[in-house]
Amino acid sequence: MRNIYRETFDQIHASEQLREEVMEMSKQEYTTTAKRRAPKATFIAAALVLALAGTALAVASPTLRGWFEQKWAEETGGQMSESQSLVIDSLTQKVGISDTSGEVTVTVDSITVGSSQIWALLDVEGWDFDQDAQYSFNGMRVEIVPDPSDGQHGGAGYGLGSIGFTEYGKCRMLLEFSATISTGNQLNSGDYTLEIDLNDLIRCRTWGAEDEILYEGDWSFSIPLTPESLSPVITIDRVQVPSNQMIWDQTDEEDGGTAEGTEPRPAVATLANLQISATGVSFYCDGLMDRTHATAIMADGTEVEDHGGGGSRMEDGGWYVSFDWPVPLDVTDIVAIRFGNAEIPLN
């Protein structure tokens, strides 16, 4: 179990403090696992990181587009372009499904669906919320049916937390779901259903304190992921990039030693089936690829760095790697992708 946490952190970006806190959680065996009700053990670390490193913004009565606009400003310091807003609108669908347990009703207002990411906006009503507090649920199960990985290598992570309140006193929460799908299947193809199970409304506490259970109950949803709009995907069959890893050339000295002055040289990593979509970037690679950030470079010079990702080791020893954009991007406006110091032009 602890090795799973270490391997996952190689592919998911979080602060050192957060890493230490989640690693400490892993020592508690299955206590935290049961609380979050992650569907598979290998997904636990990703789910925890997404839940604990959430990007909730304090906005009043946010819509999904409003949340993305604020997130864009936070990430880039600028305003979202009209073309980008249109991409977000095209990937967003109204849901309006509610479930009531006792006096508390939860409504899935709308969802934005990408190739391997989902953002869902939830409204919670029936409780007297403190607008200075943060809220979530004590138990969560978020799953895609059928399994887009088809039983192959893959994983998923998710987090849920409050981002604001409506004028009617409802608590608005944002669910972020991200999957690593080595089969290349896309969640917005129209073939999948999002299933959500929530248990016990809680008021979130800071580190070192227990969450407070406010209302005991269970809420469940089954939401078809209809293909509202399939954003273009840029595909590069094969590309080689320099790696920060170093290799040494083999020397064949008569005395069996190594030649003096032999210097290491940068390794070259091969990326195959590199795909850039509105919600992320993915590729297959050999073992020489650096575990680093991905950055999208837009036509106006704006740079958007990923906000997390995952990787699955394949049977041949290579990796399938995916990175998620913090907000959906206009693919036609991306001119290059950068991994570490390696920049790959797209036109």
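Nothing here was measured: the structure is a model prediction, and the numbers come from that model.

Turning next to the state of the cysteines. In this structure the tally under the stated criterion is zero disulfides. Of the cysteine sulfurs around Cys-171, a residue in no disulfide, the closest is that of Cys-204, at 9.1 Å. Among the residues examined, Cys-204 registers a relative accessible area of 28% and is labelled partly exposed.

Quick look at the sheet that holds strand 12 (residues 294–298) now. Taken together, four strands build an open sheet; the order of strands is 13-12-16-17 and the sheet is antiparallel. The open sheet has two edge strands, strand 13 (303–305) and strand 17 (342–345), and neither has a second partner. Averaged over all neighbouring strand pairs, the angle between strand axes comes to 25°, with direction disregarded. Sheet analysis places strand 12 next to strand 16 (residues 334–339), joined by five bridges and oriented antiparallel.

Turning our attention to the pattern of salt bridges. According to the stated counting rule, one finds 14 salt bridges in the structure shown. When the shortest N-O distance is used, the salt bridge between Lys-170 and Glu-125 registers 3.8 Å. Within this pair, whereas Lys-170 is found in the loop between strand 5 (154–165) and strand 6 (171–181), its partner Glu-125 is found in strand 3 (residues 117–125), the two being separated by 45 residues in sequence. On the accessibility criterion, Lys-170 (23% relative accessible area) is partly exposed. Look at Glu-125 and you get partly exposed, because its relative accessible area is 30%. Between Arg-141 and Glu-195 there is a salt bridge; the shortest N-O distance is 3.0 Å. With Arg-141 in strand 4 (residues 135–145) and Glu-195 in strand 7 (residues 192–203), the pair connects residues that are 54 residues apart, well separated along the chain.

As a further point, take the environment of Val-106. The topology assignment puts Val-106 in strand 2 (residues 104–113). Measuring from C-alpha to C-alpha, the distance between Val-106 and Glu-125 comes to 6.6 Å, with 19 residues separating the pair along the chain.

Here we come to the packing of helix 5 (residues 64–76) against helix 6 (residues 82–91). Each pair of packed helices can be summarised by the angle the axes make with each other and by the distance between the axes. Packing of helix 5 against helix 6 brings their axes to within 10 Å, and their N-to-C directions diverge by 140°. Put simply, helix 5 runs oblique to helix 6. Here helix 5 and helix 6 pass one another in a crossing that is right-handed. Of the residues in helix 6, those touching helix 5 at Arg-65, Phe-68, Glu-69 and Trp-72 are Gln-84, Ser-85, Ile-88 and Asp-89. Its residues assigned to classes, the contact of helix 5 with helix 6 shows three nonpolar, two polar and three charged.

What the three strands build is an open sheet, ordered 4-7-8; its pairing is antiparallel. Edge strands, defined here as strands with exactly one partner in the open sheet, are strand 4 and strand 8 (212–225). When strand polarity is set aside, the average angle formed by the axes of neighbouring strands in this sheet is 10°.

A separate point is the pairing of strand 3. Burial of strand 3 is extensive: eight of the nine residues sit out of reach of the surface. Taken together, the eight bridges between strand 2 and strand 3 define a ladder with antiparallel strand orientation. Pairing of Val-108 across the sheet is with Leu-122, part of strand 3. Here strand 3 pairs with strand 6 via eight bridges, running antiparallel.

Attention now moves to the nonpolar core. In terms of nonpolar packing, the biggest core is built from 39 residues, with Val-124, Phe-137, Met-173, Phe-177, Leu-198 and Leu-225 touching the most fellow members. Those elements giving two or more residues to this core turn out to be strand 2, strand 3, strand 4, strand 5, strand 6, strand 7 and strand 8. When sequence neighbours within four positions are dropped, the list of residues in contact with Phe-177 reads Ser-116, Gln-117, Ile-118, Val-142, Ile-144, Ala-156, Gly-157, Tyr-158 and Leu-187. One finds Val-241, Ala-269, Phe-283 and Ile-337 within the second-largest nonpolar core, a separate group that totals 36 residues.

Looking now at the pairing of strand 1 (residues 92–101). For a regular strand, side-chain orientation follows a simple rule: the groups alternate between the two sheet faces. As defined by bridge partners, strand 1 adjoins strand 2 across eight bridges and the pair is classed as antiparallel. Within strand 2, the residue paired with Lys-94 across the bridge is Ser-110. Linking two consecutive strands that pair antiparallel, namely strand 1 and strand 2, is a turn of two residues; a positive phi of about 65° is found at Gly-102 within it.

The next thing to look at is the packing of aromatic side chains. The final tally for this structure, using the stated rule, is eleven aromatic pairs. Taken together, a centroid distance of 5.2 Å and an interplanar angle of 70° make the contact between Phe-283 and Phe-339 edge-to-face. Pair noted here: Phe-283 is in strand 11 (residues 280–285) and Phe-339 is in strand 16, with a separation of 56 residues, a long-range link. For the pair shown, Phe-283 and Phe-339 are each scored as buried. Aromatic side chains Phe-323 and Phe-339 sit 6.3 Å apart centroid to centroid with 40° between the ring planes, which places their arrangement in the tilted category. Taken together, the positions of Phe-323 in strand 15 (residues 319–324) and Phe-339 in strand 16 put the pair 16 residues apart, joining distant regions of the chain. Phe-323 gets classed as buried once you look at its relative accessible area, which sits at 3%. Accessibility expressed as a relative area gives 4% for Phe-339, which makes it buried. Taken together through their ring pairs, the aromatic side chains of Trp-67, Phe-68 and Trp-119 make up a single cluster.

Rules used in this analysis
- Residues numbered from 1 in each chain as written.
- Predicted model: local features only at pLDDT ≥ 70, side-chain atom pairs only at ≥ 80, totals over all residues.
- Heavy atoms only, no water.
- Disulfide = S-S within 2.5 Å.
- Buried < 20%, exposed > 50% of the residue type's maximum accessible area, 1.4 Å probe, protein only.
- Pairing = 2+ DSSP bridges.
- Helix = DSSP H or I, 4+ residues; strand = E, 2+ residues; numbered from the N terminus.
- Axes fitted to C-alpha atoms, helices over the stretch in contact; angles between N-to-C directions.
- Salt bridge = Lys/Arg side-chain N within 4 Å of Asp/Glu carboxyl O.
- Parallel < 35°, antiparallel > 145°, perpendicular 65-115°, else oblique.
- Left-handed = near helix turned anticlockwise from the far one by under 90°.
- Contact = heavy atoms within 4.5 Å.
- Nonpolar A, V, L, I, M, F, W, Y, C, P; charged D, E, K, R; others polar.
- Core = buried A, V, L, I, M, F, W, Y, C linked by side-chain atoms within 4.5 Å.
- Phe/Tyr/Trp six-rings, centres within 6.5 Å; stacked < 30°, edge-to-face > 60°.

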